[in-house]
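The chain contents come next:
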Amino acid sequence: MAGGSSSSSSSFSTAPAPSLVDSLFQRSLDDLIKALRSQPAGAEPSLLSRAVAEIRREIRSPDPDTKAVALQKLTYLSSLHGLDASWAAFHALELLPSPSPLHKRLAYVAASLSFHPSTTDVLPLSTHQLRKDLSPSSPPPFSSLALHLLSLSASPDLALHLAPDLLPLLSPRSSPSSPLRPKAAAAALRTLSVCPDVAPLLFKPLVDCLSSPDLRVVSAAVGAFAELASSGDPTPYLPLAPEFYRVLAESGSNWILIKLLKIFTRLAPLEPRLAARLVDPLCDLLRRSSAQSLVFECVRTVFSGLPDHDRAVRLAVDKVREFLASADDPNLRYLGLRALSMLGPRHSWAVEESREAVIRSLADPDPNIRREALHLIMVMVFDSNVVEISVLLVNYAMKSDPIFANELLDAVLTTCRRNVYELIVDFDWYVSLLGEMARNPHCTRGEEIERQIVDIGLRVRDARPELVRVARGLLIDPALLGNPFLCRILSAAAWVSGEYVEFSRNPLELVEALLQPRTSLLPPLVRAVYIQAVFKVLAFCFSTYIDQLEISQLSSLGNSTTGGASSIVESNTAAAASCIADGIAGMESTDGIATVGPLSENDEVEVHGRARNLLGLIHMLREILTWKTEEQGFIKDNRIGEIVNLLQSMFSEELGPVSVNAQNRVPVPEGLVLEENLADLAWTLTEDDTAPSMSISFSLRSHQHGKTKDAAASSVRSASLLAEHRKRHGLYYLPTEKDETESNDYPRANDPLLPASQGDVPEDLVKLTKQSLIPRKVKHTKPRPVVIKLDEGDGVSTFPSTTVKESKDDLLSGAIHDALLGEGKPSSSQKRYSDKSSRGRVKDIADTGESVSQSKENLESGNREHRSSGSKSKHRGHGKERHRSPQKNEEKEEKNHRNSARSSHHHERHKHRPRGEALLNVAPRAPVIQHFLL
Amino acid sequence: MIHFVVLISRQGKVRLTKWYSPYSQKERTKVIRELSGMILARGPKLCNFVEWKGYKVVYRRYASLYFCMCIDADDNELEILEIIHHFVEILDRYFGSVCELDLIFNFHKAYYILDEILIAGELQEPSKKTVARLIAAQDALVETAKEQASSISNMIAQATK
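Residue positions are counted from 1 within each chain, in the order its sequence is given. Chains and ligands are labelled by the order in which they are written, letters from A for the one and numbers from 1 for the other. Residues qualify for local features only when their pLDDT is at least 70, as the model is predicted, and side-chain atom pairs are given and counted only at 80 or more; totals for whole chains, interfaces and linings, by contrast, use all residues. By convention in this description, side-chain values take in all heavy atoms of the structure and omit both hydrogens and water.

Looking at an unreviewed UniProt entry, one finds chain B named AP complex subunit sigma and attributed to Phoenix dactylifera. In its Subunit (unreviewed entry) section, UniProt records this for chain B: "Adaptor protein complex 1 (AP-1) is a heterotetramer composed of two large adaptins (gamma-type subunit and beta-type subunit), a medium adaptin (mu-type subunit) and a small adaptin (sigma-type subunit)." UniProt positions are given in the numbering used here, feature names are shortened, and annotations may be inferred rather than shown by experiment. In its Sequence similarities (unreviewed entry) section, the UniProt entry covering chain B states "Belongs to the adaptor complexes small subunit family."

Chain A is annotated in an unreviewed UniProt entry as AP-3 complex subunit delta of Phoenix dactylifera. In its Sequence similarities (unreviewed entry) section, the UniProt entry covering chain A states "Belongs to the adaptor complexes large subunit family." A UniProt comment under Subunit (unreviewed entry) is attached to chain A, and it reads "Adaptor protein complex 3 (AP-3) is a heterotetramer."

Okay, here's the thing in structure tokens:
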């Protein structure tokens, strides 16, 4: 007994045993809270650790009061200050059996806040105490505490052991208005969901709760079933549908109704007859209820459960429009949008009706509402309206705040990319849209746009001319170069204009754009792509120039027909060639060499190497030009022919997309052992080698953002270059009268061209589109170009939409299924449950023992009979509806039949009704729904 | 179902937490940090729902306190708002125009009240009167126990004098 002298030794094992002093001078929870509140901000951690040390000592005290206060303090610290309390689980257990209600309550609260079903290892030790407190002889407040703890921290073992103890609490024999029964129902739900094995035991009492006169019990039971039905497969609960329906008709409590509707949302799609029966009460609720929560639940049920019932859908859509129109309640606007997105594309008319409200919501002050509206709009995109919607969104992105602008761009990009651009018909339009997106001042989606530009270039041959045009527009604009988010796009543009230079109208202009002084702002790897593009463009110009000369020579010899062929490309190249003749020497000696020259000493290897290549080419070209002036007959020179061939062969081979599965198709060479252990080679692997490959690999390098290191070095030189460059492209620059010292003061990259009226954004937005959101047939003026797709694996990776069901849910619904259908039990147990519950009667179990089991041979005839009797009773019950749409009923019958055929294993276990009324209705019924529903 | 209930003050201080689904202490701290960042940043006159990791968090501000409840995606948000209001009304009735300090110093009572309203993440008691009655009964039980204890200790103390 070392006394409480050393508060620093806080470790559990070494903490000294508490002394009487500790008990006498223990700080109460109030003291602790006051100390924490009066503490300066920075000192909290030290205070907390001191408090925990104190608690660790006090909690081991043999005095229950001291222990309880320590536990209380720990509970406070753990739940509000996030301190770990799992070490004290045993001490909480120690206090559980205390006879004092005060201590017991504290102990239970502490336990329910700190116990974790899977990590608290002392949990099994609580079984006995819980059982004791659950027993009917203990006072109700104690049982209530135990139920709480059980519902929060039930592990499968605990659930299995304590499930029988829940039975007396669940049964109506316990005092009629006991507050414990609803709690027991909730605890039973938790027990069921952690341990499906107890389903046979607990399911029946839970079903009985539905017919209790006490609304709280019904509410708890309905809540439990709602939870069970929505967390797993709802099929096993279908036999209870009549019971739920009865509660729906009788109950006036909104709390219960909401939960019931949740169940029906899950059940209605499984059973068309149930859906038909639900239409009337739902419409009634929709019309009359004043509680928005209930109305919204009805809307949700109609939209996701009964989308085939036009009357209900119509009414629900009207309610949603009211929601959307409520100007003062953002909650209703949000929920209205959500509800609309539950309706599938089949009901796109509903969205169309509220188009204005939806589009207006894109400008809502609440980002969540905007996002929801965007989501809804993107669901409505089809190939017929993708153009209008994308243009609308991209235009709107110009005006909205940066975060949402990028969400808009994202939405457009991902939607259009879907399934290898399946929505896009007009690629010229899409490519120019990509260019527009790049010019959005907030655009941070450079990588995706880069990927798509290159991807379209590779896949869609017909889009290349437009792609080159768009790329030119991007490259030539010096204002874009300063934006770090755009350099990826520029790199793609440079690559495209180099690779498909044959579509360019003016290759020389491209060279100038690619070598303009402000390219020094680009990261080195993008510059490398730029220089490579220059190389390709020059090589192309050179070879066309030579071709041109050849042609002109030939034509001067008299063969005029060849030279006269005047396709656009040829005239273009002719122009380019003559351009070269005029300006190649000048251009290269000034702009080209001057810009590239310093780069050949760049410390970035990529830039360095490519700049060297380019300079080599230029020097070679120069020589050729001098040959040209000296001698006309140089064409015959073999060396030039060789060079032309070489250059052509270098870039003529077209790059294509590479399949993800390409590697699999490569046959394994003989003698190669793939299983050989490569561990010895680990040191040769760098990080780059192990980087995951993209689904499509290009010949492009991966580019990284970075600062240009040579920017400062070349700033002096570039100032003069800049002046010259500006003179030539005055269009893109500020007036030159400005002070020369501010020469780097370009218009800010992507300065937003904001419209004058920012105020009435929603009105603008609505005006932006007069087009409809619903798909309609549009005649396309030109056919969709061919998009190269490689194989199944291509593009599919963008859809990771497989839903994986938890095995536990399946287990549970399976167990409930068994509990309901009585597999492996006395054959009639299922009937017993549902019959009894449907009539709200408690029957003795033995009573049904003599029920005759139906043989499998009867199944066929039974089915047929059921069909006829089913339709007959429908005539009776639903004559009105039948008159309205007899054909529909026929269809329904068809469906029913299919349905019952599908679930024929239900039939196999199905039995005759054991009781009197069964005799009136001898034909074996469809097992899934009780007869009166038909 | 409700996965957890968290009360956060405008300054980001946690005033009450109750977890109906199993979360480890680390996860709890992380969840609270993330949510308070998201919710406290939202201005007034926005909707009361936040999407968070496939769940929805319904929150409502009363004076300086944010009452937040996390629910499944297919649960009814408006119903949860009503539950929150229900809880606040009961607190109000119990403490007599409740304020943040009441919750700070009567930390356990707030839990007892919450436990009478929600069990296993479901609403169990929609009647304010009943909750008030149950809590009063429990308090009375505890009070008598306390009195007994103190009187015994008094007797002992006097006897040992």
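### Observations concerning the overall build of chain A
Regarding its fold elements, chain A presents 44 helices and zero strands. Buried means the residue's accessible area, taken with a 1.4 Å probe over protein chains only, is under 20% of the maximum for its type, while exposed means over 50%, and partly exposed covers the values in between. When burial is assessed residue by residue, chain A has 53% of its 934 residues classed as buried. Residue-level accessible areas treat just the shown protein chains as cover; the underlying method is Shrake-Rupley with a 1.4 Å probe. Element-wise, carbon and sulfur atoms account for 55% of the exposed surface of chain A, whose accessible area totals about 43100 Å². Secondary structure is summarised from DSSP: a helix means a run of H or I of at least four residues, a strand means a run of E of at least two, and numbering begins at the N terminus for each.

### A look at the pairing of strand S2 (residues 14-19) of chain B
Residues and elements named next belong to chain B. Of all six residues in S2, six are buried, a share of seventy percent or more. The pairing criterion for strands is at least two bridges between them, as found by DSSP. Sheet analysis places strand S1 (residues 2-9) next to S2, joined by five bridges and oriented antiparallel. For Leu7, the partnering residue across the bridge sits in S2 and is Leu16. Here S1 folds back onto S2 in antiparallel fashion, the turn holding four residues, of which Gly12 has a positive phi close to 90°.

### Considering the packing of helix H6 (residues 101-114) of chain A against helix H4 (residues 107-117) of chain B
Helix-helix packing is characterised by the crossing angle of the two axes and by the distance between the axes. As a rule, the C-alpha atoms of each element are fitted with a line to give its axis, helices using only the stretch in contact, and angles between N-to-C directions run from 0 to 180 degrees. The interhelical angle for the contact between H6(A) and H4(B), taken along N-to-C directions, is 75°, at an axis separation of 11 Å. Taken together, H6(A) and H4(B) sit at an angle that is classed as roughly perpendicular. Between H6(A), through A:Arg105, A:Leu106, A:Val109 and A:Leu113, and H4(B), the contact on the second element is made entirely by B:His108, B:Tyr111 and B:Tyr112. When residue character is reported, Ala, Val, Leu, Ile, Met, Phe, Trp, Tyr, Cys and Pro are called nonpolar, Asp, Glu, Lys and Arg charged, and the others, Gly included, polar. The class makeup of the residues in the contact of H6(A) with H4(B) is five nonpolar, one polar and one charged. The cut-offs work like this: below 35 degrees is roughly parallel, past 145 is roughly antiparallel, 65 to 115 is roughly perpendicular, and the gaps in between are oblique. Residue contacts are counted whenever heavy atoms from the two residues lie within 4.5 Å of one another.

### Some remarks on the pattern of salt bridges
Residues and elements named next belong to chain A. Here, a salt bridge means any side-chain nitrogen of Lys or Arg that lies within 4 Å of a carboxyl oxygen of Asp or Glu. On inspection of all chains with the given rule, the structure shows 48 salt bridges over all chains. A salt bridge links Lys104 to Asp133; its shortest N-O distance comes to 3.4 Å. Note that Lys104 is positioned in helix H6 and Asp133 in helix H7 (residues 127-134), a separation of 29 residues in sequence. Overall, Asp133 belongs to the buried group, its relative accessible area being 4%. Its salt-bridge partner being Arg371, residue Glu407 comes within 3.0 Å of it at the nearest N-O pair. With Glu407 in helix H23 (residues 402-421) and Arg371 in helix H21 (residues 367-379), the pair connects residues that are 36 residues apart, well separated along the chain. Judged by relative accessible area, which is 40%, Arg371 ranks as partly exposed. Because the salt bridges share partners, they merge into one network encompassing Arg27, Glu54, Glu58 and Lys73.

### Quick notes on the pairing of strand S4 (residues 55-62) of chain B
All names here are of chain B. Sheet topology note: the strand S3 (residues 49-52)/S4 ladder contains four bridges and is antiparallel. Note on S4: the bridge partner recorded for Glu51 is Lys56. The turn joining S3 and S4, which pair antiparallel and follow one another in sequence, is formed by two residues; a positive phi near 50° is taken by Lys53. Sheet topology note: the S4/strand S5 (residues 65-71) ladder contains seven bridges and is antiparallel. The residue bridging Arg60 from the neighbouring strand is Phe67, located in S5. Counting the residues in the hairpin turn of S4 and S5 gives two residues, including Ala63, whose phi is positive at 50°.

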